[in-house]
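Notes for the structure review
Chain residues, written in single-letter form:
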Amino acid sequence: VNCSTFDSFRLVIKGGLAGAAVYVAYDQGLLGSGTQGAEALKKAQAALPPAIQEWTSYLGWELPPTPKFDFSPSDSWNKGVQTVMSALSVAPARACEYTVEGWKYVKDLVK
């Protein structure tokens, strides 16, 4: 088998897997609004532990219990937006303060 053929085959497989991952994310609502993403995350949190438990029992592995998360993407997003907007609202006043402090520093250096 030619090496370039093998590389092309690997590229096709990786592209197919990436496309499938994007399709599943879109289909489950992860690429939609924050509310849709939060609902998809709740569904995943409910479905993953039983699926993992089934696979580990099938393979004969024993895993520690999964930690519980109380995480809301929409709340985190809203907090991030509020923080950014708060920083932007005080930016002109802070820029003025920093300019005054900078001039004082330069004047002290020149003395």
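Predicted, not measured: the structure shown is a model, and the values here were computed from it.

Procedures and definitions
Residues numbered from 1 in each chain as written. Predicted model: local features only at pLDDT ≥ 70, side-chain atom pairs only at ≥ 80, totals over all residues. Heavy atoms only, no water. Helix = DSSP H or I, 4+ residues; strand = E, 2+ residues; numbered from the N terminus. Buried < 20%, exposed > 50% of the residue type's maximum accessible area, 1.4 Å probe, protein only. Areas by Shrake-Rupley, 256 points an atom, 1.4 Å probe, with all protein chains shown as cover. Patch = residues over 30% accessible without salt bridge, like charges linked within 9 Å, V, L, I, M, F, W, Y side chains within 5 Å. Salt bridge = Lys/Arg side-chain N within 4 Å of Asp/Glu carboxyl O. pLDDT = per-residue confidence, 0-100.

**Quick notes on the overall build of the protein chain**
Within the protein chain, the secondary structure is distributed over three helices and zero strands. Written out in order from the N terminus, the α and β elements of the protein chain read α-α-α. By residue count, 5% of the 111 residues in the protein chain fall in the buried class. Accessible area of the protein chain: about 10,000 Å², with a carbon and sulfur share of 66%.

**Looking at a nonpolar patch on the surface**
A surface patch of nonpolar side chains, amounting to about 530 Å² of accessible area, comprises Trp77, Val81, Val84, Met85 and Leu88. In this structure, Leu88 sits in helix α3 (residues 73-110).

**Details of the confidence of the model for the protein chain**
On average, residues of the protein chain score 76 in pLDDT, and 78% of them are at 70 or above. Mean pLDDT in the protein chain bottoms out at helix α2 (residues 34-59), which sits at 73, and peaks at α3, which reaches 83.

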